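Fold and contact review
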Amino acid sequence: AVILGIESSCDETGAGLVRITDGGPELLGHELASSQDLHARFGGVVPEIASRAHLESMTATVRSAFDKAGLRHRDVDAVAVTSGPGLAGALLVGIAAAKAYAAAWDVPLFGVNHLAGHVAADTLEHGPLPSPTLALLVSGGHTQLLKVTSLGGEVPDAITEIGTTVDDAAGEAYDKVARLLGLGYPGGPVIDKLAAEGDPTAIRFPRGLTGPRDAPYDFSFSGLKTAVARHVEGLQRDGLPVPVADICASFQEAVADVLTAKTVRAATDLGIGTVVVAGGVAANSRIRGLSEERCAAAGLQLRVPRPGLCTDNGAMIAAVGAHVARSGRPVSPDALGGDPGLPVGTVSVA
Ligand code: ATP
Ligand code: MG
Ligand code: FE
C-alpha cells in the first residue's frame with residue numbers, strides 16, 4: 001500500500017509518498033517548499049505569511065512528490081496529514097488539501113502527530129524501531145525525551161514523555177542566539193556552519209538543569225540564551241570585537257553537551273538500549289557527533305535520520321501514516337481538524 005503524507009504545521013510545505021512494507025515504511029519520493037526566506041527579515045515565522053505560502057505551494061508540491069516517486073494518484077491507498085501540533089492556520093491548509101485528495105480519490109484519511117512524524121522519519125532510513133526506544137526530540141518548538149513503544153494506531157502509552165524543556169526549545173535557543181548575533185532566521189544551520197570555525201572551549205556557557213538536585217531528564221535553554229546575550233553586551237560595552245565563531249561554537253557545545261548527557265543518562269537509567277535523535281535540531285553536526293561518541297561509550301545503539309529527513313517534511317508524516325494504517329482506524333474527514341496543542345502521546349487522532 002502507498003501513503004501520501006502532507007505536512008504544513010510551520011513554514012515548510014511537505015508532501016511525501018511511502019510504501020508500507022514489513023521492513024518498515026519505504027520512501028518513494030518527497031518534495032518540500034519552504035517559506036523560510038519570507039520570514040527571515042522578521043527573525044521568526046510569521047503565521048499569516050506561512051499559511052498563505054502553504055496555500056500557494058501545496059498543489060505543486062504534491063504534484064512534484066508524485067513525479068519524483070514516479071507514481072500517479074491512482075497508486076495512492078491512503079492520505080495522512082499533520083493534525084498538530086503547529087500553527088493553527090498553517091495546519092488548516094494541509095488538512096483541507098488532505099481532505100480534498102482523500103475525497104477525490106476515495107481513500108481513507110489519517111490525522112497524525114507531527115512529533116511522532118519526526119521520530120518516524122528514522123524508520124524510513126533504518127527500518128522499524130525496537131520497542132522500547134528512547135527518542136530525543138529536538139526541534140524548533142520541542143525538546144523532549146520520549147519513551148517510544150510503538151508508532152502505530154491505538155496502542156496505549158505508545159509514546160510517553162520522560163523529560164521536557166521547562167522553557168525554550170533547543171531550536172528556539174538557536175534561533176534566538178542567531179537573532180541576537182544578527183545572523184537571521186533560521187539560526188540552526190548558520191550557527192552550525194560558523195561553529196566549525198570557532199573554538200568550542202573559548203567561553204564556558206552554562207549547562208542548564210545539570211545540578212545534583214535538578215530534574216535529571218528535563219532541559220532549560222533560556223539561561224544559556226541570556227548568558228550569550230550578556231556576554232555579547234559585555235564585549236560591546238568594552239568596545240571589544242565580538243568573536244562570532246567562538247560564541248557559536250561555545251553555545252553549540254553547551255547545547256550538545258546537555259542534550260547528549262541527559263539522553264544517555266535516561267537510556268541507561270531506564271534500561272533502554274536504542275536511542276533515536278530526531279527533529280530539526282538533530283541535523284546539527286555537533287549533536288550528531290557527540291551523540292555518536294557518548295552512545296558508543298555507553299553501549300547504546302544510536303539512530304539518527306539523515307539531515308534532510310530531520311527537518312520538517314511530508315515523508316515523515318506518510319511514515320506515521322504507514323505505521324498507523326496497519327493497526328489504527330482512519331478518521332472521518334468531517335471530524336478532522338487542526339490541534340495546535342496536540343499532545344505528543346496522541347500519535348493519530350480518532
Ligand atoms: P516542532 O517540530 O517542534 O513543531 P518545527 O517544526 O518548527 O517545530 P523543525 O522544523 O523540526 O521545527 O526544526 C526547525 C528548527 O531546527 C529550527 O529552530 C532550526 O534553527 C533548527 N535547525 C535546523 N538545522 C539545524 C542545525 N544544523 N543545527 C541546529 N539547529 C538546526
Ligand atoms: Mg521549519
Ligand atoms: Fe517539526
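Conventions adopted
Residues numbered from 1 in each chain as written. Chains lettered and ligands numbered in written order. Predicted model: local features only at pLDDT ≥ 70, side-chain atom pairs only at ≥ 80, totals over all residues. UniProt positions renumbered as here; feature names shortened; annotations may be inferred. Helix = DSSP H or I, 4+ residues; strand = E, 2+ residues; numbered from the N terminus. Contact = placed C-beta atoms within 7 Å. Buried ≥ 20, exposed ≤ 12 C-beta atoms within 10 Å, placed from the backbone. Pairing = 2+ DSSP bridges. Near = placed C-beta within 6 Å. Nonpolar A, V, L, I, M, F, W, Y, C, P; charged D, E, K, R; others polar. Axes fitted to C-alpha atoms, helices over the stretch in contact; angles between N-to-C directions. Parallel < 35°, antiparallel > 145°, perpendicular 65-115°, else oblique.

The protein chain has the name tRNA N6-adenosine threonylcarbamoyltransferase in an unreviewed UniProt entry, where Nakamurella alba is given as its organism. Regarding the protein chain, the relevant UniProt record gives this comment under Subcellular location (unreviewed entry): "Cytoplasm".

Per the UniProt record, "binding site: Fe cation" (unreviewed entry) is found at H114, H118 and D312. Spanning 199 residues, the named residues nonetheless gather at one spot, since no C-alpha pair among them exceeds 8.6 Å. Tracing the chain through its elements places H118 in helix α4 (residues 114-126). In contact with H118, other than residues within four places in its own chain, are L137, S139, A278, G279 and M316. Along the chain, the position of D312 falls in the loop between α10 (307-310) and α11 (314-327). Residue classification places D312 among the buried positions, given that 27 C-beta atoms sit within 10 Å. Not counting chain neighbours up to four residues away, the residues in contact with D312 comprise E7, S9, C10, E12, G14 and G280.

Okay, the pairing of strand β2 (residues 12-19) next. Burial analysis of β2 places seven of its eight residues in the buried class, which makes it a mostly covered element. Taking the residues between adjacent antiparallel strands as the criterion, strand β1 (residues 2-7) and β2 are bridged by four residues. As paired strands, β2 and strand β3 (residues 26-34) are joined by eight bridges and run antiparallel to one another. For G14, the partnering residue across the bridge sits in β3 and is L32.

Taken together, 24 residues form the shell around ligand 1, and within it G140, G141, G171, G188 and G280 come nearest. Those elements that provide at least two residues to the shell around ligand 1 are α5 (170-180) and α6 (187-195). Counting residues per element, the shell around ligand 1 draws most heavily on α6, at four residues. When the residues that make up the shell around ligand 1 are grouped by side-chain class, the tally is seven nonpolar, 14 polar and three charged.

This next bit is on α5. Counting buried residues along α5, nine of its 11 residues qualify, which places the element largely inside the surrounding structure. All of the buried residues in α5 are A170, G171, E172, A173, Y174, D175, K176, V177 and A178. In the core, the buried residues of α5 are packed alongside β6 (133-138), β7 (143-148), α6, α7 (222-237) and α8 (244-270).

Below, the discussion takes up the packing of α5 against α7. With their axes 10 Å apart at the nearest point, α5 and α7 run at an angle of 10° to one another. Comparing their axes, α7 and α5 come out roughly parallel. For the pair α5 and α7, the contacting residues are A173, K176, V177 and L180 in the first and L224, K225, V228, A229 and V232 in the second. Grouping the amino acids of the contact of α5 with α7 by side-chain chemistry returns seven nonpolar, no polar and two charged.

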